[in-house]
Amino acid sequence: MDAPAPIARLLAMAYRSLMDDLHQRLREQGWDDVRPAFGFVLLAARAEPTTAGELALLMGTTKQAAAKLVGVMEEGGYLERSVSGTDARRRRIALSARGRSLLSAVEAIYADLEAGWAATIGTRGVEGLRTDLTAVMLARNGGALPAVRPTW
């Protein structure tokens, strides 16, 4: 008898499946220029403006790579940059209306994908999975959910 698949492998497969389905549905809705890396920036800038330096630390890249990604997203209309009121060298990066619309589309698609999972394992199964994963992350991170970071 084969041993059960490790949770890490199952989570990796589930994550990949969700990301593939998300981006397919985004393309179907006309979001043709969205890259997977956009999500990390959108989430980081969701609550308040950020900087390329902060994004570089979050994403584990150079400041130049983060600035390049921000530039692509700004050209696509997802972000807006402004000069900080206290330091003209610091450029604040905030979501634009289009960036907020993209986040709304992503959240609606995630809800639909979770409904698909619920059709397989039940709503209680999905909510139990969410509760259990949240508990593990809170326990590992001092009672707060950590920022979403890429694994590259």
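Quantities reported herein were computed from a predicted structural model and do not represent experimental measurements.

1. Let's talk about the overall build of the chain
Next, step 1: Along its length, the chain carries 6 helices and 2 strands.
Next, step 2: Per-residue burial for the chain yields a buried fraction of 27% across its 152 residues.
Next, step 3: Of all intrachain contacts in the chain linking residues separated by at least 6 positions in sequence, the fraction that spans at least 24 positions is 54%.

2. Comments concerning the pattern of salt bridges
Next, step 1: With the rule as written, the count across this model stands at 7 salt bridges.
Next, step 2: One salt bridge connects Glu 127 with Arg 130, and the closest N-O pair in it is separated by 3.1 Å. Highlighted residues: Glu 127 and Arg 130, both in helix α6 (residues 123-140), separated by 3 residues, approximately one helical turn.
Next, step 3: Taken together, the shared-partner salt bridges in this structure form one network comprising Glu 114, Glu 127 and Arg 130.

3. Considering the packing of helix α2 (residues 38-46) against helix α5 (residues 97-121)
Next, step 1: Between α2 and α5, the shortest axis-to-axis distance is 11 Å and the interhelical angle comes to 110 degrees. Here α2 lies roughly perpendicular to α5, going by the angle between them. When α2 is examined against α5, the residues Leu 42, Leu 43 and Arg 46 are found in contact with a partner set consisting of Gly 99, Arg 100, Leu 102, Leu 103 and Glu 107.
Next, step 2: Tallied by class, the residues present in the contact of α2 with α5 amount to 4 nonpolar, 1 polar and 3 charged.

4. Considering the nonpolar core
Next, step 1: In terms of nonpolar packing, the biggest core is built from 30 residues, with Leu 26, Met 73 and Leu 102 touching the most fellow members.
Next, step 2: Residue assignment for this core shows that the elements contributing at least two residues are α1 (7-28), α2, α3 (52-59), α4 (63-75), β2 (91-95) and α5.
Next, step 3: If one sorts the elements of this core by residue count, α5 sits on top with 6 residues.
Next, step 4: Those residues in contact with Leu 102, other than ones at most four positions away along the chain, are Leu 26, Trp 31, Val 34, Leu 42 and Tyr 78.

5. So, the packing of aromatic side chains
Next, step 1: In total, this model carries 2 aromatic pairs according to the counting rule given.
Next, step 2: Each ring, one from Trp 31 and one from Tyr 78, has its centre 6.1 Å from the other, and the planes form 35 degrees; the classification is tilted. Of this pair, Trp 31 sits in the loop between α1 and α2 while Tyr 78 sits in the loop between α4 and β1 (79-83), and the two are 47 residues apart along the sequence.
Next, step 3: Feature note: the residues Trp 31, Phe 38 and Tyr 78 constitute an aromatic cluster, connected by ring pairs.

6. A few points about α5
Next, step 1: A rise of 1.5 Å per residue sets the reference length of α5, with its 25 residues, at 36 Å; its end C-alpha atoms lie 36 Å apart and thus fit the reference within 8%.
Next, step 2: Among the residues of α5, Gly 99, Leu 102, Leu 103, Ala 105, Val 106, Ile 109, Leu 113 and Ala 118 are the ones counted as buried.
Next, step 3: Summarising the contacts, the buried residues of α5 are in contact with α1, α2, β2 and α6.
Next, step 4: Taken from the residues just after α5, Gly 122 is the one with a positive phi, measuring 85 degrees.

Cut-offs and rules
- Just so you know, the residues in each chain are numbered from 1, in the order the chain's sequence is written.
- Local features in a predicted model are, by the rule used here, given only for residues with pLDDT of at least 70; side-chain atom pairs are given and counted only at 80 or more, and totals for whole chains, interfaces and linings are based on all residues.
- For side-chain calculations, the full set of non-hydrogen atoms in the structure is used, while hydrogens and water are omitted.
- Under the DSSP-based scheme used, a helix requires at least four consecutive residues in state H or I and a strand at least two consecutive residues in state E, with every element numbered from the N terminus.
- Per-residue accessibility, obtained with a 1.4 Å probe over protein chains only, is compared with the maximum for each type, and a residue is labelled buried under 20%, exposed over 50%, and partly exposed between these values.
- Note on definitions: a residue-residue contact is assigned when non-hydrogen atoms from the two residues lie within 4.5 Å.
- Salt bridge criterion: a side-chain nitrogen from Lys or Arg within 4 Å of a carboxyl oxygen from Asp or Glu.
- Orientation is described by lines fitted to C-alpha atoms, with helices fitted over the stretch in contact, and by angles between N-to-C directions that extend from 0 to 180 degrees.
- Orientation is classified from the angle alone, with under 35 degrees giving roughly parallel, over 145 giving roughly antiparallel, 65 to 115 giving roughly perpendicular, and any other angle giving oblique.
- In the scheme used here, Gly and all other residues not listed as nonpolar or charged are polar, with Ala, Val, Leu, Ile, Met, Phe, Trp, Tyr, Cys and Pro taken as nonpolar and Asp, Glu, Lys and Arg as charged.
- Throughout this description, the term nonpolar core refers to a set of buried Ala, Val, Leu, Ile, Met, Phe, Trp, Tyr and Cys residues connected via side-chain atoms within 4.5 Å.
- We call Phe, Tyr and Trp rings a pair once their centres come within 6.5 Å, taking the six-membered ring for Trp, and we label the pair stacked below 30 degrees between planes, edge-to-face above 60, and tilted otherwise.
- Expected helix span is computed as 1.5 Å times (number of residues minus one).

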